[in-house]
Amino acid sequence: TPDYARHVPLLHGLFPSARFVHIIRDGRDVALSTVDWADDNKGPGRWTLWPESRIGTCALWWKWQIAEALACARALGPDVVFEVRYEELVANPGEVLADVATFLDLEYTDSMLHFNRGRTRHAAGLSAKAAWLPPTGGLRNWRRDMSEEDVAIFEGLAGDLLAALGYPLHGGVESASAIEALRVCRKWWGDCGGTPAVRKKQRRRRPISRAA
């Protein structure tokens with residue numbers, strides 16, 4: 001996962017025989033997921049930019065993390081890092097898992113494909129993970145679920161990496177508010193100097209006990 005990519009060189013140094021599988025997903029779909037789970041103590045929700053523009057923060061976070069992961073893959077080589085496209089994994093899970101198993105020197109079995117057998121739950125409101133769904137396409141679909149303005153903001157900040165990875169750009173509507181969000185996000189990133197500013201965790205105060 002991208003959030004751990006910066007630790008791969010250290011892990012490789014500690015465990016030279018370790019191999020890594022890097023799953024790359026369209027950043028716009030990642031953003032749709034991220035805004036649901038990130039908070040003050042988790043993911044890009046910790047960045048000081050988060051209250052200003054959640055989609056902009058997601059774009060910068062995704063681009064930063066994926067660029068780090070790609071750099072690790074180039075440095076360590078294909079014998080150490082195996083890259084998988086999320087969209088291909090969902091569309092052809094058996095074929096992709098067989099390739100991953102070969103890379104890891106594991107014997108492929110159908111149990112890898114049917115990891116959720118006997119565990120699937122159908123209660124309302126469960127996430128795909130909590131419901132133990134099988135590989136399912138379309139759970140996040142930026143074309144359907146992301147506003148034109150949010151598309152413009154995300155692509156304005158991370159469109160170059162999306163295009164480099166082969167994801168087509170849509171070119172959302174750059175409204176006045178989108179242009180302002182892009183200005184704020186670019187300035188914040190420039191001011192950070194490549195080291196994103198993180199909000200400090202709020203410590204909970206212990207209640208003061210009073211003698212009766």
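Calculation notes
Residues numbered from 1 in each chain as written. Predicted model: local features only at pLDDT ≥ 70, side-chain atom pairs only at ≥ 80, totals over all residues. Heavy atoms only, no water. Helix = DSSP H or I, 4+ residues; strand = E, 2+ residues; numbered from the N terminus. Contact = heavy atoms within 4.5 Å. Areas by Shrake-Rupley, 256 points an atom, 1.4 Å probe, with all protein chains shown as cover. Buried < 20%, exposed > 50% of the residue type's maximum accessible area, 1.4 Å probe, protein only. Pairing = 2+ DSSP bridges. Axes fitted to C-alpha atoms, helices over the stretch in contact; angles between N-to-C directions. Parallel < 35°, antiparallel > 145°, perpendicular 65-115°, else oblique. Left-handed = near helix turned anticlockwise from the far one by under 90°. Nonpolar A, V, L, I, M, F, W, Y, C, P; charged D, E, K, R; others polar. Phe/Tyr/Trp six-rings, centres within 6.5 Å; stacked < 30°, edge-to-face > 60°. Lys NZ or Arg CZ within 6 Å of the ring centre and 35° of its normal. Arc of directions from axis to C-beta. Lys, Arg positive; Asp, Glu negative; His and termini not counted. Salt bridge = Lys/Arg side-chain N within 4 Å of Asp/Glu carboxyl O.

Is there a simple way to explain the overall build of the protein in this structure?
Regarding its fold elements, the protein presents 9 helices and 2 strands. Secondary structure elements of the protein occur, N-terminal to C-terminal, as α-β-α-α-β-α-α-α-α-α-α. In terms of overall dimensions, the protein has C-alpha extents of about 60 × 60 × 45 Å along its principal axes. Taking the contacts inside the protein whose residues are at least 6 apart along the sequence as the reference set, 65% of them involve residues at least 24 apart. Of the roughly 13300 Å² of accessible surface on the protein, a fraction of 53% belongs to carbon and sulfur atoms.

In this structure, what is going on with the pairing of strand β1 (residues 20–24)? I would like to understand it.
Along any regular strand the residues' side chains alternate between the sheet's two faces. The two faces of β1 differ: Phe-20, His-22 and Ile-24 on one face are buried, but Val-21 and Ile-23 on the other face are not. Pairing analysis gives 5 bridges linking β1 to strand β2 (residues 81–85), with the strands arranged parallel. Pairing of Val-21 across the sheet is with Phe-82, part of β2.

How should the packing of helix α2 (residues 27–37) against helix α3 (residues 54–76) be read in this particular structure?
Between two packed helices, what matters for the description is the angle formed by their axes and the separation of those axes. With their axes 9 Å apart at the nearest point, α2 and α3 run at an angle of 120 degrees to one another. Classed by the angle they form, the pair α2 and α3 counts as oblique. Judged by the twist between their axes, the crossing of α2 over α3 is right-handed. Across the interface between the two elements, Gly-27, Val-30, Ala-31, Thr-34, Val-35 and Trp-37 of α2 pack against Arg-54, Ile-55, Cys-58, Trp-61 and Trp-62 of α3. In terms of residue class, the contact of α2 with α3 is made up of 8 nonpolar, 2 polar and 1 charged.

Where do I start with the environment of Glu-148 in this structure?
By the element assignment, Glu-148 lies in helix α8 (residues 148–164). We classify Glu-148 as partly exposed; its relative accessible area is 40%. Counting along the chain gives 22 residues from Glu-148 to His-170, while the straight-line C-alpha distance between them is 9.0 Å. Beyond its immediate sequence surroundings of up to four residues, Glu-148 is in contact with His-170, Gly-172 and Val-173.

Honestly, the packing of aromatic side chains in this entry has me stumped. Any pointers?
Aromatic ring pairs are defined here through the distance separating the ring centres and the angle between the ring planes. Summed over all chains, the structure comprises 8 aromatic pairs. Every member of this aromatic cluster is reached through a ring pair, and the members are Trp-47, Trp-64, Trp-188 and Trp-189. One residue, Arg-19, lies across the ring of Phe-103, its end atom 5.8 Å from the ring centre. Its guanidinium or amino end placed over the ring of Trp-132, Arg-119 lies 4.7 Å from that ring's centre, counting from NZ or CZ.

Please explain helix α5 (residues 93–103) as it appears in this structure.
An α-helical turn contains 3.6 residues, so any two residues separated by three or four positions project in the same direction. Among the residues of α5, those classed as buried are Pro-93, Val-96, Val-100, Ala-101 and Phe-103. All buried residues of α5 project into a common sector of 160 degrees when viewed along the axis, lining one side. Turned more than 90 degrees off the buried face of α5, the exposed positions are Glu-95 and Thr-102. On its buried face, α5 is in contact with β1, β2, α4 (86–91) and α6 (110–113). Positive phi shows up at Asp-105, right after α5, with a value of about 60 degrees.

Looking at this model, I keep getting lost on the side chain of Arg-25. Mind explaining?
With respect to the helices, strands and loops of the structure, Arg-25 is situated in the loop between β1 and α2. Notably, Arg-25 is buried but unbridged: the nearest opposite-charge side chain belongs to Asp-29, and the N-O separation is 4.7 Å. In contact with Arg-25, not counting residues within four places along its chain, are Val-30, Trp-62, Tyr-86, Glu-87, Arg-140 and Tyr-167.

I'm lost on the pattern of salt bridges in this one. Help?
Oppositely charged side chains are able to pair whenever their charged atoms sit close together. Per the stated rule, a full pass over the model turns up 8 salt bridges. Two residues, Asp-105 and Arg-19, come together in a salt bridge whose shortest N-O distance is 3.1 Å. With a gap of 86 residues between them, Asp-105 in the loop between α5 and α6 and Arg-19 in the loop between α1 (8–14) and β1 connect regions that are remote in the sequence. For the salt bridge of Asp-191 with Lys-187, the shortest nitrogen-to-oxygen distance reads 2.8 Å. Pair noted here: Asp-191 and Lys-187 are both in helix α9 (residues 176–192), with a separation of 4 residues, about one helical turn. Given the relative accessible area of 58%, Asp-191 is considered exposed. Take Lys-187: its relative accessible area is 48%, and that puts it in the partly exposed class. Overlapping salt bridges, with partners in common, bring together Asp-26, Arg-28 and Glu-155 in one network.

Structural measurements only, silent on function.
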